[in-house]
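# Structure at a glance
Below, each chain spelled out in residue letters.
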Amino acid sequence: MPSEYSLPQWARKGSSRRWWIVGLFALLVVVYIVHSTEYIKRLGGRIEEPPLLSSNESCSKQPAQKSIGAEPWLTPSNSLKNPHPTTLARDNLRSDNYYITGFGLAGYTNEFINYMHMIYLGVLSGRIPIIPPIIPAAHVTRNAGLIRFGSIYNLTTLRRALRRPILEWSDVKTFDINGTFTEDREFNKPTDPNIEYFGCWSVSMRDADGPVWVQGVENTLKLDMSFTRAPDFAYFQKDKHSPFTVFSALAALILPKHGWFNDGPQKDKWPPTMRPSRLGKELQPDEQLACFDTVYYMTSGVQAMEFEQRWSQTWHRVGKHLRFNEDLVDLARDYIRRTMKVKEVPPIITVHIRRGDFNFFGCKERDNCYIPIPKYYEAVTKMQAQLRKDRNVTASRVLVSSDETDPAFWKQMTDYGWDYLNHTAERTEERYGEWYPLLIDKVSLSLGSGFIGTISSTFSTLNAWRVEDWNGGLSHMTAPWS
């Protein structure tokens, strides 16, 4: 132990300077704690400026956690007037908050991309996203019904990563998510007191004579929306037939209190609505709730379809934090264990072979229209070798998923020694519902140490990134020309 005289002057016994410094430090700590506590109390659910995003990764299975005082964004009701949904959304939106919503179309994966884009646009514009339910389209029938986004993805993980509130429409207003889904244009009636009227933005192609119709979700949420086309500066390309818009431009358009038509030379010079709503209303875009017909075709301004690129900002800032819920991950693991007849899921390579409408060669002879199966087999073999060499991982088991229905195709998979989830034998749809074959396949594919996909398939693209970012794995996209 050092003697008193081996210490610096300020640390010696009896030094008044030492106690002066200690006292000052203690006073600063007390002041900081008091001010931090008062700030947290004032914060509530209100977000004034988009904070920096957390770089912390969380595991793919993460149960929802209760909010604590320092994290008000974890509790949806902090961003609303009431701790429960109300009959009308407007009765639940706080006057000191601004919100954003947009609607998906054209299948599950494309709806996911829509909502990922909408959340990112909310971050840029300082608005709180309200996520609609996923509607049945493309790979399921309308009888599948709607499914809450938050029943698939762990929104607590996302809220914590973004340090921002994330809402669903089921948090905001009451509606029958289990009701019959219909796109009947006459479904909503003007005599229904629960119908709400909103003015929204349309980002449809500029040579289109109307917005992208989203009447199915309008019917479900009891909304009646009139649309105004976004101004030319919001579009990425001069071509009037191009649907791509730019994130930063739309953020400028809808910035709370200071958006494009709220300030400057364009103040109050609102363009006319494209056409009346289904119930005949013509409303200019709403200030408190910025809404869009669709936000699928979005870009940072670098290139079109950039959500397919590995550097996609929407994936890195939002998408990679949209982890599957724990119960879905457990269910997928159960399926894999039964299929492979193992007690624990081993390191595996997952494969997605897209067929259906992916006729790369424009031919009519079925066997010659798609990427040859041996190309996938070759890619799997190379990846197994690469995993052994670079990661010291032996992934001898392969799990394949495809939209192919030809029994000869699946026999070829088993001849390779590959496994697949047999949802007919498992009676998945009868046991869980029509959405679940797709959901279980999607989650299962994300569990690989490596992934082989089909080029240009958004289903494959997103899964490749999940395997890379969540598992530290490898991915490869199989192409007809490689």
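Residues numbered from 1 in each chain as written. Predicted model: local features only at pLDDT ≥ 70, side-chain atom pairs only at ≥ 80, totals over all residues. Heavy atoms only, no water.

### Quick look at the nonpolar core
Where we set the bar: Nine residue types can take part in a nonpolar core, namely buried Ala, Val, Leu, Ile, Met, Phe, Trp, Tyr and Cys, and a core is a set of them joined through side-chain atoms within 4.5 Å. Type-normalised accessible area, obtained with a 1.4 Å probe on protein chains alone, sets the label of each residue: buried when under 20%, exposed when over 50%, and partly exposed for intermediate values. What counts as a helix is a DSSP run of H or I of at least four residues, what counts as a strand is a run of E of at least two, and both are numbered from the N terminus.
Counting residues in hydrophobic clusters, the biggest one holds 71 residues, and the most contacted among them are Phe149, Ile152, Leu250 and Phe292. When residues of this core are traced back to their parent elements, those giving at least two are helix H2 (108-125), helix H3 (155-162), helix H6 (247-254), strand S7 (289-292), helix H8 (326-340), helix H13 (436-445) and helix H14 (458-471). Ranked by residues supplied to this core, first place goes to H2 with 10 residues.

### Regarding the pattern of salt bridges
Defined as follows: For this document, the term salt bridge refers to a Lys or Arg side-chain nitrogen within 4 Å of an Asp or Glu carboxyl oxygen.
Within this structure, the stated rule accounts for 21 salt bridges. Across the pair arginine 310 and aspartate 469 runs a salt bridge, and its minimum N-O distance is 2.5 Å. With arginine 310 in the loop between strand S8 (298-299) and helix H7 (313-317) and aspartate 469 in helix H14, this pair connects stretches of sequence that are 159 residues apart. For arginine 310, a relative accessible area of 27% corresponds to the partly exposed category. Look at aspartate 469 and you get partly exposed, because its relative accessible area is 22%. Its salt-bridge partner being glutamate 426, residue arginine 431 comes within 3.3 Å of it at the nearest N-O pair. Beyond isolated ion pairs, a larger network of salt bridges with shared partners links Arg206, Asp232 and Lys240.

### Examining the pairing of strand S4 (residues 196-202)
Side-chain positions along a regular strand alternate between the two faces of the sheet. Quick note on the threshold: DSSP bridges decide pairing: two strands pair if at least two such bridges lie between them. A crossover counts as right-handed when, viewed with the strands pointing away from the observer, the path leading from the first strand over the helix to the second turns clockwise.
Within S4, six of the seven residues are buried, leaving the element largely enclosed by the surrounding structure. Bridge count between S4 and strand S5 (residues 223-229): seven bridges; the pairing is parallel. For cysteine 200, the partnering residue across the bridge sits in S5 and is phenylalanine 227. In the classification by handedness, the crossover that spans S4, the intervening helix H5 (residues 215-221) and the parallel S5 is right-handed.

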